[in-house]
Amino acid sequence: MSTPYAKLPAWAEYVLLPFVNVVVAFLVAGLVVLLAGDSPLHAFQLMIEGAFGYGEGIGYTLYYATNFIFTGLAVAVAFHCSLFNIGGEGQAYVGGIGVAIAALWLDRFVPWWVTFPVAIALSAGFGALWAFIPGYLQAKRGSHVVITTIMFNFIASSLMVYLLVHVLKPVGAMAPQTRTFAEGGQLPTLGWLLKLFGLNPGIAPFNITFLLALVMCFLVWVLVWRTRFGYELRTLGFSRGAARYAGINEAKIIILTMMISGALAGMMALNNVMGDQFRLQLDFVNGAGFVGIAVALMGRSHPLGIIPAAILFGVLYQGGAEISFDMPEISRDMIVIIQGLVILFAGALENMFRPALASAFGRIGRSRRDVAAPAAGE
Amino acid sequence: MSETAIALKGIDKSFGSVHANRNINLTVRKGTIHGIVGENGAGKSTLMSILYGFYQADAGDILVNGEKVEIRDSNAAIAAGIGMVHQHFMLVENFTVLENIMLGAEDRQVLNAGIARARRTLKELEEEYALQVDPDAITEQLPVGSQQRVEILKALYRGADILILDEPTGVLTPSEADHLFRILEQLRNQGKTIIFITHKLREVMAITDEVSVMRRGEIVATKETSQTSVDELAELMVGRRVLLRVDKGESTPRETRLEVKNLTVDDERGVTMVKDVSFAVRAGEIVGIAGVAGNGQSELIEAISGIRRARSGEVILEGEPISVSGEADPRRLRARGLAHVPEDRHHMGLVLPFEESENAILGYQTDARYVNGAFLNLGAIRSDAGEKMERYDIRPPDPRLKTANFSGGNQQKIVLAREIERDPEVLIFGQPTRGVDVGAIEFIHKRIIEMRDAGKAVLVVSVELDEIRGLSDRILVMFDGRIVGERDGEAGENELGLLMAGVEEEGTAA
């Protein structure tokens with residue numbers, strides 16, 4: 001009687017339930033479109049075509065998805081230690097400094113593949129540093145990371161304005177941004193990958209960072225489920241009591257987990273700064289840090305769930321842009337509402353349909369068993 | 001006396017694929033105390049929750065005083081005259097007794113009239129049933145036994161004629177339990193009907209008129225208490241013959257392995273829970289610590305095993321001191337031969353969402369057998385777990401099954417296998433059989449005695465006096481953070497009960 005709902009089979013847990021949630025989110029979003037006086041079907045069609053209908057759209061979808069994989073992994077790693085890192089936004093933003101340092105320092109002397117590893121290390125390092133302080137405060141002083149990481153988002157924002165206006169802006173330039181990187185600071189696109197499928201990538205900034213994101217998915221999986229550190233991290237995440245009993249150094253695990261989380265968020269900066277804009281700009285993160293929370297929730301904090309969830313949000317970003325372009329009644333804000341609905345149903349209300357689904361499965365399972373073994377009597 | 005208070009007919013309830021109650025037929029006669037016994041997970045609590053309206057049955061009827069009733073929620077249960085005393089009290093701790101009793105039955109927005117009426121009714125109830133409680137006392141300051149009386153009064157105040165008590169003696173000292181039994185008898189003599197749920201068979205024999213035994217969601221027997229015995233009930237509960245008494249030979253204690261000197265420990269709130277405690281455990285003996293829960297036993301064993309910092313004092317393991325107030329680390333103590341089966345396997349001994357094999361290395365996760373550098377050696381971990389599951393008959397024997405899906409007894413065996421198989425020199429068992437079914441209790445007790453006979457030093461902490469008396473070669477009684485007495489293993493229940501209630505030392509009122 002301790003578990004009122006039966007366990008769902010794995011495919012229902014990881015595929016069917018998120019799918020139901022997304023469908024409901026789209027239905028409600030459709031109502032919003034209807035209220036705005038447009039056809040939801042048309043909007044949906046625009047979104048899917050905008051995201052998947054042509055090579056450039058796919059390129060953009062995957063470009064956005066790359067951002068969300070990084071921030072989703074960042075949130076997921078912290079989730080496994082039951083830490084709620086909502087500072088991915090700030091960590092990614094500060095990670096941009098690391099990318100900019102590497103690119104501004106090396107771009108004129110070496111090819112991109114020399115700059116890239118340095119930029120990876122520095123972006124991860126700056127992201128980790130930005131998460132270290134909240135991690136330390138949580139571990140040693142008990143200041144809740146939810147509070148400190150969100151405050152660090154604001155600090156990051158102010159810091160970046162200061163740096164871009166006073167330090168990194170070239171003399172005489174008008175815009176608060178760094179100079180444009182030379183070739184050694186520009187990552188190659190993955191246009192050829194799309195061309196393999198006969199697609200025209202156009203000007204989509206889909207670049208090699210996507211592959212790095214996939215590598216990180218694998219490394220996060222190894223870290224969490226195959227290493228001693230991951231074991232201790234999950235133990236602490238599930239049960240502080242068990243962690244104390246097992247002699248796990250709580251403070252060390254919390255600080256390291258936050259730093260790993262911050263490093264993953266920090267690497268998101270590579271995609272935009274070195275892969276798209278080739279310069280460090282104000283507000284380049286543009287909400288990806290927060291989307292990472294929804295991606296991690298939807299992806300059940302597992303890399304294999306995070307990839308499709310990140311692509312879904314890539315669709316919403318890219319397809320949403322197409323909708324607002326073609327349907328003037330649907331403003332950019334309306335797209336944010338639709339994205340919000342997906343977050344609401346897929347993230348916050350993810351358990352809403354669980355009881356119904358579980359009891360449906362329970363009924364099916366029971367009747368099947370009763371048929372199979374009518375007189376087994378256990 | 002043969003009128004029926006409650007009749008359940010064909011009650012059936014499933015949660016998903018778990019069939020918690022199957023075709024339950026139960027008749028409780030008016031003015032009797034009816035015991036319901038069964039192992040954990042036998043479906044007792046589910047059945048009572050259906051009767052009290054927390055759950056709705058999938059099928060079947062409930063008849064109260066011969067009339068069919070629909071019990072959709074607890075209000076409907078109260079309206080039908082059914083009251084429930086929960087195992088974990090449902091009281092607002094910082095309310096007075098009177099406020100708690102009125103809660104949910106305040107009558108009006110302005111409380112004055114209600115308070116006056118409640119006070120009057122309470123007075124009558126107290127006189128009628130000899131249930132003395134000060135109505136103006138703050139609830140959390142009352143002893144546990146009194147808090148339970150408040151729960152009973154609450155039910156009576158709502159006009160309950162049928163009282164359900166769920167494991168009521170779990171938190172009581174033996175003398176408090178005796179007091180409760182007198183109250184229950186008084187209530188029965190006044191015509192109330194009582195359903196008494198427990199897993200303690202001796203209590204069933206002592207207090208009930210009739211007893212029903214549940215096993216795997218079914219009622220397997222209903223007996224007149226006078227026509228049955230503890231052994232028969234145990235057999236019905238488990239489905240096979242069980243050995244209730246612990247069989248053990250003489251102990252042959254040798255050198256001291258674990259010594260505790262003047263240990264003082266505070267809890268998180270800074271309240272001193274262990275006060276200047278000293279004792280020793282020798283190789284080849286079992287020392288039991290008896291006491292009512294919350295008298296410092298938990299903090300004591302946590303401090304010894306390095307989980308909790310002590311304020312002062314010394315713990316000496318195998319002749320070498322442990323820095324209990326400084327850097328004691330459970331992992332290092334394990335390496336030095338101290339094993340600890342914690343009191344609370346759900347929050348300490350196990351990580352319930354983990355696979356069984358992952359729990360089989362908890363605390364030993366840095367052991368060279370289980371890791372290759374920074375990586376887990378999953379092959380070794382799983383095969384090792386599989387072997388232990390076989391040796392300890394842990395079912396189902398699947399090292400990859402989620403730990404939460406094992407029964408309480410099997411979960412405890414997972415912890416036991418992990419700690420015992422390391423061949424430690426000193427073993428600490430906190431509540432070794434809490435929430436464990438009768439069959440597994442027998443197994444666990446045998447193992448504990450085997451460890452003693454193998455020359456290990458064993459410390460057992462339990463709130464079950466029977467368990468302490470059955471296992472221990474020496475018994476220490478803890479009360480209010482102090483060791484208030486030491487007896488040998490043959491000490492009588494009454495004597496220990498008095499010590500546990502803190503009444504031994506004359507003049508020093510607790």
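Please read all numbers here as calculations on a predicted model, not as lab measurements.

Engineer: Please explain the overall build of chain A as it appears in this structure.
Structural biologist: Each helix and strand in chain A was counted, giving 15 helices and zero strands. The C-alpha radius of gyration of chain A comes to 22 Å, within 12% of the 21 Å expected for a compact globule of 378 residues. The principal-axis extents of the C-alpha atoms in chain A amount to approximately 85 × 60 × 40 Å. For chain A, the proportion of its 378 residues judged to be buried stands at 53%. In chain A, of all internal contacts separated by at least 6 residues, the share reaching a separation of at least 24 is 77%. Element-wise, carbon and sulfur atoms account for 69% of the exposed surface of chain A, whose accessible area totals about 16,600 Å².

Engineer: Would you take a moment to explain the packing of aromatic side chains for this structure?
Structural biologist: Centre distance and the angle of the planes are the two values used to describe a pair of aromatic rings. Overall, the coordinates contain 17 aromatic pairs over all chains when judged by the stated rule. Summarising the aromatic geometry, the rings of Phe-238 of chain A and Phe-354 of chain B are spaced 5.6 Å apart at their centres and angled 85° between planes, so their arrangement reads as edge-to-face. One end of the pair, Phe-238 of chain A, is in helix α9 (residues 228-238); the other, Phe-354 of chain B, is in the loop between α11 (345-349) and α12 (356-359), on a second chain. Using a relative accessible area of 46% as the deciding quantity, one classes Phe-238 of chain A as partly exposed. A residue is classified by how much of its surface remains accessible, and Phe-354 of chain B, at 0% relative accessible area, is buried. Look at Phe-181 of chain B and Phe-196 of chain B: their rings are 6.1 Å apart centre to centre, the planes differ by 65°, and that puts the pair in the edge-to-face class. Of the two residues, Phe-181 of chain B sits in helix α6 (residues 174-189) while Phe-196 of chain B sits in strand β8 (residues 193-198), which places them 15 residues apart along the sequence. In this structure, Phe-181 of chain B and Phe-196 of chain B share a single accessibility class: buried.

Engineer: Help me understand the domain arrangement of chain A in this model?
Structural biologist: How big an interface is tends to be expressed through the accessible area that disappears when the partners come together. Residue and element names in this part refer to chain A. If you check the domain split of chain A, you get domain 1 (9-38 + 327-366) and domain 2 (50-321). Computed from C-alpha atoms alone, the centre-to-centre distance between domain 1 and domain 2 is 26 Å. In this assembly, 16 residues from domain 1 lie in contact with ten residues from domain 2. Carbon and sulfur atoms supply 70% of the area that domain 1 and domain 2 bury against each other, a total of about 1,100 Å² over both sides. Counting every contact that joins domain 1 to domain 2 gives zero salt bridges. Connecting domain 1 to domain 2 are zero residue pairs in polar contact (both at pLDDT 80 or more). For the side of domain 1 that touches domain 2, the secondary structure elements donating two or more residues are α1 (10-35) and α14 (332-348). Here the side of domain 1 that touches domain 2 takes eight residues from α14, the largest share from any one element. Among the residues making up the side of domain 1 that touches domain 2, the classes are represented as ten nonpolar, two polar and four charged.

Engineer: What's the story with the pairing of strand β16 (residues 338-341) of chain B in this structure? I'm lost.
Structural biologist: A regular strand places its side chains on the two faces of the sheet in alternate fashion. Residues and elements named next belong to chain B. Taking every second residue as pointing to the same face, both faces of β16 are buried, with Leu-338 and His-340 on one and Ala-339 and Val-341 on the other. Judged from the four bridges that link them, β16 and strand β19 (residues 426-430) form a sheet pairing that is parallel. Following the sheet pairing, His-340 is matched in β19 by Ile-428.

Engineer: What is the right way to look at a nonpolar patch on the surface in this model?
Structural biologist: Residues and elements named next belong to chain A. Taken together, the side chains of Ile-147, Ile-150, Met-151, Phe-154 and Phe-290 define a hydrophobic patch exposed on the protein surface, amounting to about 500 Å² of accessible area. Looking at the nonpolar patch, the element that brings in the most residues is helix α6 (residues 145-167), giving four residues. Topologically, Ile-147 is positioned in helix α6.

Engineer: Quick question: what am I supposed to make of the sheet that holds strand β7 (residues 162-166) of chain B here?
Structural biologist: The strands making up a sheet associate through hydrogen bonds between their backbones, and the pairing can be parallel or antiparallel. Residue and element names in this part refer to chain B. Here six strands make up an open sheet; going across it, the order is β6-β7-β8-β3-β9-β10 and the pairing mixed. Two strands close off the open sheet at either side, each with one partner strand: β6 (82-85) and β10 (218-224). Adjacent strand axes in the sheet meet at a mean angle of 20° when their direction is disregarded. Relative to β8, β7 runs parallel, the two being bridged by five bridges. Pairing of Ile-164 across the sheet is with Ile-195, part of β8. Where helix α5 (residues 144-157) meets the sheet, it contacts β6 and β7, and its direction lies at approximately 170° from that of β6.

Engineer: Can you walk me through the interface of chain B and chain A in this structure?
Structural biologist: Counting from both sides, the interface comprises 39 residues of chain B and, opposite them, 29 residues of chain A. Between chain B and chain A, the buried area comes to about 2,900 Å², and carbon and sulfur atoms account for 57% of it. With a shortest N-O distance of 2.8 Å, Arg-234 of chain A and Glu-358 of chain B are connected by a salt bridge. Counting across the interface, chain B meets chain A through 14 residue pairs in polar contact (both at pLDDT 80 or more). Listed by contribution, the elements that provide at least two residues to the side of chain B that touches chain A are β1 (4-15), α1 (44-51), α10 (330-335), α11, β18 (375-376) and α14 (408-420) of chain B.

Engineer: Would you explain the packing of helix α3 (residues 55-80) of chain A against helix α12 (residues 288-298) of chain A in this entry?
Structural biologist: Residue and element names in this part refer to chain A. The interhelical angle for the contact between α3 and α12, taken along N-to-C directions, is 60°, at an axis separation of 7 Å. Looking at the two axes, α3 sits oblique to α12. Regarding α3 and α12, the two cross each other, and that crossing is right-handed. Residues Asn-67, Phe-68, Thr-71, Gly-72, Val-75, Ala-76 and Phe-79 of α3 form the contact with α12, whose participating residues are Ala-288, Gly-289, Val-291, Gly-292, Ile-293, Val-295, Ala-296 and Leu-297.

Engineer: Even after reading the chapter, I still don't get the domain arrangement of chain B, so can you show me in this structure?
Structural biologist: Residue and element names in this part refer to chain B. Looking at the assigned domains, one finds that chain B contains domain 1 (4-238) and domain 2 (256-351 + 421-500). Here the C-alpha centroids of domain 1 and domain 2 sit 34 Å apart. Taken together, the ten residues of domain 1 in the interface contact twelve residues of domain 2. Taken together, both faces of the contact between domain 1 and domain 2 bury some 880 Å²; the carbon and sulfur share is 58%.

Engineer: Looking at this structure, how should I read the pattern of salt bridges?
Structural biologist: When their charged atoms lie close together, side chains carrying opposite charge are able to pair. Residues and elements named next belong to chain B. The tally for this structure, following the rule as stated, stands at 44 salt bridges over all chains. The partner of Arg-311 in a salt bridge is Asp-266, and the shortest N-O contact between them spans 3.2 Å. With Arg-311 in the loop between α9 (297-304) and β14 (312-317) and Asp-266 in strand β11 (residues 256-266), this pair connects stretches of sequence that are 45 residues apart. Here Glu-302 and Arg-308 are joined by a salt bridge, their closest N and O atoms 2.9 Å apart. Both residues of the pair, Glu-302 and Arg-308, belong to the buried class. Within the structure, one salt-bridge network assembled from shared partners comprises Arg-254, Glu-255, Arg-257, Glu-318, Asp-423, Glu-425 and Lys-456.

Cut-offs used in this document
- Per chain, residue numbering runs from 1 following the sequence as it is written.
- Each chain takes a letter, starting from A, and each ligand takes a number, starting from 1, following the order in which they are written.
- Given that the model is predicted, a residue must reach a pLDDT of at least 70 before its local features are reported, and side-chain atom pairs must reach 80 or more before they are shown or counted; all residues, however, enter totals for whole chains, interfaces and linings.
- As a rule here, side-chain values cover all heavy atoms of the structure and leave hydrogens and water aside.
- Helix numbers and strand numbers start at the N terminus; a helix is a DSSP run of H or I with at least 4 residues, a strand a run of E with at least 2.
- We compute the radius of gyration over the C-alpha atoms and compare it with the globule rule, which gives 2.2 Å times the number of residues raised to the power 0.38.
- Burial classes follow relative accessibility: with a 1.4 Å probe on protein chains only, a residue under 20% of its type's maximum area counts as buried, one over 50% as exposed, and anything between as partly exposed.
- Whether two residues touch is decided by their heavy atoms; if any such pair falls within 4.5 Å, the residues are in contact.
- For the accessible areas, the method is Shrake-Rupley and the probe is 1.4 Å, while residue cover comes only from the protein chains on display.
- Ring pairs shown here join Phe, Tyr and Trp side chains whose ring centres sit within 6.5 Å, with only the six-membered ring taken for Trp; geometry is labelled stacked below 30 degrees between planes, edge-to-face above 60, and tilted in between.
- Each domain span listed reflects an automatic or database assignment of domains.
- Here the buried area means the combined drop in accessible surface, using a 1.4 Å probe, for two parts upon being joined, counting both sides.
- For salt bridges, the criterion is a side-chain nitrogen of Lys or Arg within 4 Å of an Asp or Glu carboxyl oxygen.
- Counted as a polar contact is a pair of N or O atoms within 3.5 Å, where, for protein atoms, one must be capable of donating a hydrogen and the other of accepting one, and residues adjacent in sequence contribute only when both atoms are in side chains.
- Each residue gets one label: Ala, Val, Leu, Ile, Met, Phe, Trp, Tyr, Cys and Pro are nonpolar, Asp, Glu, Lys and Arg are charged, and the others, such as Gly, are polar.
- A pair of strands is labelled paired if DSSP reports no fewer than 2 bridges between them.
- Exposure above 30% relative accessible area and no salt bridge define the residues that can form patches, which grow by joining like charges within 9 Å and nonpolar side chains of Val, Leu, Ile, Met, Phe, Trp and Tyr within 5 Å.
- The convention used is that axes are lines fitted to C-alpha atoms, helices contributing only their stretch in contact, and that angles between N-to-C directions extend from 0 to 180 degrees.
- For classification, angles of less than 35 degrees are called roughly parallel, those exceeding 145 degrees roughly antiparallel, those between 65 and 115 degrees roughly perpendicular, and all remaining angles oblique.
- Working rule for handedness: look at the near helix, and if it is turned counterclockwise from the far one by less than a right angle, call the crossing left-handed; if clockwise, right-handed.

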